[in-house]
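The chain contents come next:
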Amino acid sequence: MNFIEGLRLALESLWVNKMRSSLTILGVVIGIAAVITVVAVGQGGQAVLMAELQKIGTNIFAISVNWQEGEPLGEHDFTYQDIAVIKELVPEITYLAPTNYISAVVRGPKDKKPAQVIGTEADYAQIANVKVVKGRFLSQRPGTTRAVVVLDQALAEEIFGRLDPVGKRVTINNRPVQVIGLTKEEGGFLGIQTIKRIYVPLSFAQDISGQRIIQQMEGIVANREKISAAMAKAVIVLERRHNVKDRYKAISLEEQMKIAGKITGIITLIIGAVAGISLLVGGIGVMNIMLVSVTERTREIGIRLALGARRKDILKQFLIEAIVLCLAGGLLGIIIGAGGSMLVARLAKWPPLISFGTVLIAFAFSAAIGIFFGLYPAGRAAKMNPIEALRQE
Amino acid sequence: MITVKQLTKVYQSGKISFTALKEVSVAIEKGEFVAVMGPSGSGKSTFLNILGCLDRPTSGSYFLDNSEVSLLNEDELARVRNQKIGFVFQTFNLLPRLNILRNVELPMIYAGAPAKERRQRAQEVLNQVGLLEWAGHRPPEISGGERQRVAIARALVNQPAVILADEPTGNLDSRASTEVMTIFKKLHRQGTTIVLVTHEQEIAAYAKRILFFRDGQLIKEEIISVPPEVNNR
Ligand SMILES: Nc1ncnc2c1ncn2[C@@H]1O[C@H](COP(=O)(O)OP(=O)(O)O)[C@@H](O)[C@H]1O
Ligand SMILES: [Mg+2]
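Residues numbered from 1 in each chain as written. Chains lettered and ligands numbered in written order. Predicted model: local features only at pLDDT ≥ 70, side-chain atom pairs only at ≥ 80, totals over all residues. Heavy atoms only, no water.

1. Structural notes on the overall build of chain B
Argument step 1. What chain B contains, in helices and strands, is eight helices and 10 strands.
Argument step 2. Taken over the C-alpha trace, chain B has a radius of gyration of 17 Å; the compact-globule value for 233 residues is 17 Å, and the two agree within 12%.
Argument step 3. Taking the principal axes of its C-alpha atoms as reference, chain B extends roughly 50 × 45 × 35 Å.
Argument step 4. By the burial criterion, 54% of the 233 residues in chain B qualify as buried. (Helix = DSSP H or I, 4+ residues; strand = E, 2+ residues; numbered from the N terminus. Rg over C-alpha atoms; globule rule 2.2 N^0.38 Å. Buried < 20%, exposed > 50% of the residue type's maximum accessible area, 1.4 Å probe, protein only.)

Below, the structure is given as structure tokens:
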């Protein structure tokens, strides 16, 4: 008996048991669909992350202090002088600004909203590519405690209504502050509307938080090839000035994003593995029903053996049945998974990524499941004694 | 054609052993039509199953077409079942969900015959049993007698050396039985070797020789020499 005949026999048997066949593949369908969706969404997310990185720029970096446990605060803190000296000694760095991040509530005449307050100075606009649409950005006046704020346009609309906010007063954590400008934020990360960023002078941010430290500095280099060298130089300057080693850490945005990408990759892998377990469960389901099928078709097996089927013919038939079932389940799963990831992608506003490789692997995996979980039931069928099988009702 | 010597079958279930067939020796010539008779439990089916290579004897020898069957391995036995033996069962044993043509083709599929030849030959034997027009139907759609005729067509399809039938009329009314036996008679006339188990005298009367079994032993042989008109009914 050749393969085509085996396939035909298998298809015949599956067709006459349509209901059971479809129930059998359900587990595989769900498993494959789950894996496909997770992988596609994960890969799509990573692609977006990388695209975002390209947009923001790959020549931005941050330097922070590596706090040791039990170390008294203040000793190795950044100072305004540090920033000035780095700018002077490391010409590759075109802009460098202190940045303190605080979560706060902004209250306007109409409403109040939570916001991400960034305490910084003029350079930051160049580094983070802040777009000022009205009024002006912060000035470069180190140490100024002037109570001014640059609001996000959308946020300003929410807390002011139709009034023009520039020149008006708002409060940040109940401290009165004057609006000097409006910025426009693009999109938000990964299409998710993040909490709005507003900008105040560093010293004012320190007043709000009650901590007179500079959390970190952020800078930009003109030539991204030089970013590593520039970061290293800046760290050396800091180490010299504070006479300490291994205390300052510089990381480029690119590195940061890559780490984030790696993390999402790992998460994808983990969720994918969990989905893979559902595939395993699907495979066990196939085995289960194949075993039932073999038991129910004992008489059929007896008849076939009596007519001259060899044991390997029986084995082949049931194995092909299992593989065909799993491949059909796989195909359906791929289609559903593709649909699912398209849906998720649409909701999350990122491109779905169903690579040819993913589809191929899903297919190969379905076939492997068919072989793996079909072998035992098929083996059972093939081992039957013709007389006993024929005696079965 | 068939020669068995000292054929013995012992069923062992736990510590109890049961001798279903005891030292049966018999020879069946090519073209013979032999009936096997005996009370229920006398070992008729056991005997036929061994002849049909569905079962192996505990001891004794079985020559089919001059080859010793007990020396064959599983695959070779399957081949013998496929090529040399056409088995007809009391309960027809058709596959209910395949159409009649496919049912008849099955032994040829396992023989590896090409599709076209299969179809042709299956149609030919279906025509022989007068059921060609039912080829596209399924077994449940036809009567018991017709099903048994399909089963005979299936048994014939690979042109076997011998047709073995275990109570082929056991589930049929007398009219259907007559139809089925008429086919066996016709086959016999065309030279087919037939061994047929029955416990009905009238059915056995179609054969030319009757083997009587009791308690697993061949106790008597009888050559029927009936006048032609009786045999021709
Ligand atoms: N697999 C088996 N295990 C034990 N005993 C069996 C088995 N098959 C048949 N027998 C016994 O062997 C005897 C002969 O059975 P069988 O050949 O079917 O008789 P017949 O066909 O003449 O009615 C019966 O008593 C039956 O119970
Ligand atoms: Mg019997």
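Back to the text.
2. Comments concerning the packing of aromatic side chains
Residues and elements named next belong to chain A.
Argument step 1. Across all of its chains, the model carries six aromatic pairs over all chains by this definition.
Argument step 2. On the numbers, 5.8 Å between centres and 45 degrees between planes, the contact of Tyr124 with Tyr199 is tilted. Of this pair, Tyr124 sits in helix α4 (residues 123-127) while Tyr199 sits in strand β8 (residues 197-201), and the two are 75 residues apart along the sequence.
Argument step 3. A relative accessible area of 4% means that Tyr124 is categorised as buried.
Argument step 4. An aromatic cluster of three or more residues is present, and its members are Tyr124, Phe137 and Tyr199. (Phe/Tyr/Trp six-rings, centres within 6.5 Å; stacked < 30°, edge-to-face > 60°.)

3. Quick notes on the pairing of strand β10 (residues 217-223) of chain B
Residues and elements named next belong to chain B.
Argument step 1. Relative to β10, strand β9 (residues 209-214) is paired through six bridges, and the arrangement is antiparallel. Residue pairing for β10: Phe213 is matched across the bridge by Leu218.
Argument step 2. If you look at the hairpin formed by β9 and β10, you'll find two residues sitting between the two strands, and Asp215 has a positive phi there, around 50 degrees. (Pairing = 2+ DSSP bridges.)

4. Overview of the domain arrangement of chain A
Interface size is commonly expressed as the accessible surface area that is lost when the partners come together.
Argument step 1. Entries for chain A in the domain assignment read domain 1 (3-52 + 259-391) and domain 2 (67-246).
Argument step 2. Each of domain 1 of chain A and domain 2 of chain A has a C-alpha centre, and the two are 54 Å apart. (Domains from an automatic or database assignment.)

5. Describing the pattern of salt bridges
Argument step 1. Considering all chains together, one arrives at 29 salt bridges over all chains under this definition.
Argument step 2. With a shortest N-O distance of 3.5 Å, Glu158 of chain A and Lys113 of chain A are connected by a salt bridge. Residue Glu158 of chain A is found in helix α5 (residues 153-160), and its partner Lys113 of chain A is found in strand β3 (residues 112-120); the two are separated by 45 residues along the sequence.
Argument step 3. In this structure, the salt-bridge partner of Glu239 of chain A is Lys245 of chain A, at a minimum N-O distance of 3.6 Å.
Argument step 4. On the basis of relative accessibility, which here comes to 13%, the residue Glu239 of chain A falls in the buried class.
Argument step 5. A relative accessible area of 61% means that Lys245 of chain A is categorised as exposed.
Argument step 6. When salt bridges with common partners are traced through the structure, they connect Glu5, Arg8 and Glu12 of chain A together with Arg102, Glu105 and Arg118 of chain B into a single cluster. (Salt bridge = Lys/Arg side-chain N within 4 Å of Asp/Glu carboxyl O.)

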